[in-house]
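What follows is each chain in one-letter form.
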Amino acid sequence: MSKRIFCYGDSNTYGFDPRSYFGSRLPETRRWTGLLQAGGAWDILPFGENGREIPHTEAAFRELDTLLRSSPGPDCFAVMLGTNDLFQMPQPSAQAIAARMERLLHWVRAHPAAKDAALLLVAPPVVDVPICTQICRESAALGAAYCGVARRLGIYFADAGAWGIPTACDGVHFSEEGHAVFARRMSACLHGIFTEQR
């Protein structure tokens, strides 16, 4: 039986295609969530949204509550967020973003719809935008900061910043090859989680 994976993220989970002038989406067969679904081992619940930050407002938590209640009983709650927080914070800080993520994961762990789910925190790939030196520096620090969060909470962790994900020309969004690489690495990560739980 396929494991149900709740994938909560931003435009890289949505499958945003930065080559499009109007911001279109890659076809499902080329997005990492669609590639995972096609593999047959996973029942993917893709909840990516362009521009999404780590929930830290009442409205954002209400939205996530609705998503969870509409998809009860996931076997794994996988979250990859933090990139938009870097761009939106007046003074971007990996530690501040990690603290925001830790509060979110405490909330998810207590949510009745996710109480039996494994929690997987994925650090996003490092941003490569040369004119944004502070953002790039703090982006590179997110992996270690998120690893600390995962250790404190006793949850699963993956650092996509170490996966060599090819990005598009903007240095932020996955290229089509990047989606394929990410899908392979995520599949291996999920197999590891559920093998350990047997």
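This text follows the structure it describes.
Residues numbered from 1 in each chain as written. Predicted model: local features only at pLDDT ≥ 70, side-chain atom pairs only at ≥ 80, totals over all residues. Heavy atoms only, no water.

A. Summary view of the environment of Gly51. Summarising the element assignment, Gly51 is placed in the loop between β2 (42–48) and α3 (58–70). C-alpha separation for the pair Gly51 and Val127, spaced 76 residues apart in sequence, amounts to 15 Å. (Helix = DSSP H or I, 4+ residues; strand = E, 2+ residues; numbered from the N terminus.)

B. Structural detail: the side chain of Ser71. Looking at the secondary structure, you find Ser71 in the loop between α3 and β3 (76–80). Leaving out residues up to four positions away in the same chain, Ser71 has contacts with Arg4, Phe6, Leu45 and Phe47. (Contact = heavy atoms within 4.5 Å.)

C. Up close: empty space enclosed by the protein. Scanning the model with the defined rule gives two cavities of 30 Å³ or more in all. Lining the largest cavity, in full, are Cys7, Tyr8, Gly9, Thr13, Trp32, Ala78, Val79, Met80, Val122, Phe182 and Met186. When the residues that make up the lining of the largest cavity are grouped by side-chain class, the tally is nine nonpolar, two polar and no charged. Within this model, the second largest cavity holds a volume of roughly 40 Å³. What lines the second largest cavity is Asn12, Thr83, Pro124, Pro125, Val126, Val127, Thr167, Gly171, Val172 and Phe174. Here the lining of the second largest cavity is built from residues that sort into six nonpolar, four polar and no charged. (1 Å grid on protein atoms, 1.4 Å probe; cavity = no way out; pocket = protein on both sides within 12 Å on 5 of 7 lines; lining within 4 Å. Points joined across faces, edges and corners; volume = space filled by probe spheres on them. Nonpolar A, V, L, I, M, F, W, Y, C, P; charged D, E, K, R; others polar.)

D. Spatial organisation of the sheet that holds strand β4 (residues 118–123). With respect to topology, five strands assemble into an open sheet ordered β2-β1-β3-β4-β5, the strand pairing being parallel. For this open sheet the edge positions go to β2 and β5 (156–159), each flanked by a neighbour on one side alone. Direction aside, neighbouring strands of the sheet carry axes that sit 20° apart on average. Here β4 pairs with β5 via four bridges, running parallel. Note that in β5 the partner of Leu120 across the bridge is Tyr156. Packed on one face of the sheet, helix α6 (residues 133–153) meets β4 and β5 and runs near 165° to β4. Sheet contacts for helix α7 (residues 176–196): β1 (3–9), β2, β3, β4 and β5; angle to β4, the most-contacted strand, approximately 150°. (Pairing = 2+ DSSP bridges. Axes fitted to C-alpha atoms, helices over the stretch in contact; angles between N-to-C directions.)

E. Molecular detail of the environment of Asp116. Along the polypeptide, Asp116 turns up in the loop between α5 (94–110) and β4. In sequence terms Asp116 and Cys76 are 40 residues apart; their C-alpha atoms lie 8.3 Å from each other. Not counting residues up to four positions away in its chain, the partners in contact with Asp116 are Pro74 and Asp75. Side-chain polar atoms of Asp116 contact the side chain of Lys115, separated by 3.2 Å. (Polar contact = N/O pair within 3.5 Å; in protein donor to acceptor, adjacent residues only side chain to side chain.)

F. Summary view of the nonpolar core. Ranked by size, the top nonpolar core spans 39 residues in total, and within it Phe6, Tyr8, Phe77, Val79, Met101 and Tyr146 carry the most contacts. Of all the elements in the fold, those that place two or more residues in this core are β1, β2, α3, β3, α5, β4 and α6. Leave out the neighbours within four places in its chain, and Met101 touches Ile54, Val79, Leu81, Leu121 and Tyr146. Ranked by size, the runner-up nonpolar core spans 25 residues in total, among them Cys7, Trp42, Ile165 and Val181. (Core = buried A, V, L, I, M, F, W, Y, C linked by side-chain atoms within 4.5 Å. Buried < 20%, exposed > 50% of the residue type's maximum accessible area, 1.4 Å probe, protein only.)

G. Inspection of the state of the cysteines at higher detail. Per the counting criterion, the structure on display carries zero disulfides. Cys169 carries a free sulfur, and the closest cysteine sulfur to it, the one in Cys132, is 14 Å from it. Exposure remark for Cys169: the relative accessible area of 74% places this residue in the exposed category. (Disulfide = S-S within 2.5 Å.)

H. Geometry of the packing of α5 against α6. Close contact between α5 and α6 brings their axes to 9 Å; oriented N to C, the two are set at 35°. Handedness of the crossing formed by α5 with α6: right-handed. Each of Ala94, Gln95, Ile97, Ala98, Met101, Glu102, Leu105, His106 and Arg109 in α5 lies in contact with α6, whose residues at this interface are Glu138, Ala141, Leu142, Ala145, Tyr146, Val149, Arg152 and Leu153. Among the residues making up the contact of α5 with α6, the classes are represented as 11 nonpolar, two polar and four charged. (Left-handed = near helix turned anticlockwise from the far one by under 90°.)

I. Structural view of the packing of aromatic side chains. Counting across every chain of the model gives nine aromatic pairs. Between Phe61 and Trp107 the ring centres are 5.1 Å apart and the planes differ by 50°, which places this aromatic pair in the tilted class. Of this pair, Phe61 sits in helix α3 while Trp107 sits in helix α5, and the two are 46 residues apart along the sequence. When its relative accessible area of 19% is taken as the criterion, Phe61 is described as buried. Here Trp107 falls in the partly exposed class, since its relative accessible area comes to 26%. Ring plane angle 40° and centroid distance 5.2 Å describe the contact between Phe174 and Phe182, whose orientation is recorded as tilted. For the pair shown, Phe174 and Phe182 are each scored as buried. (Phe/Tyr/Trp six-rings, centres within 6.5 Å; stacked < 30°, edge-to-face > 60°.)

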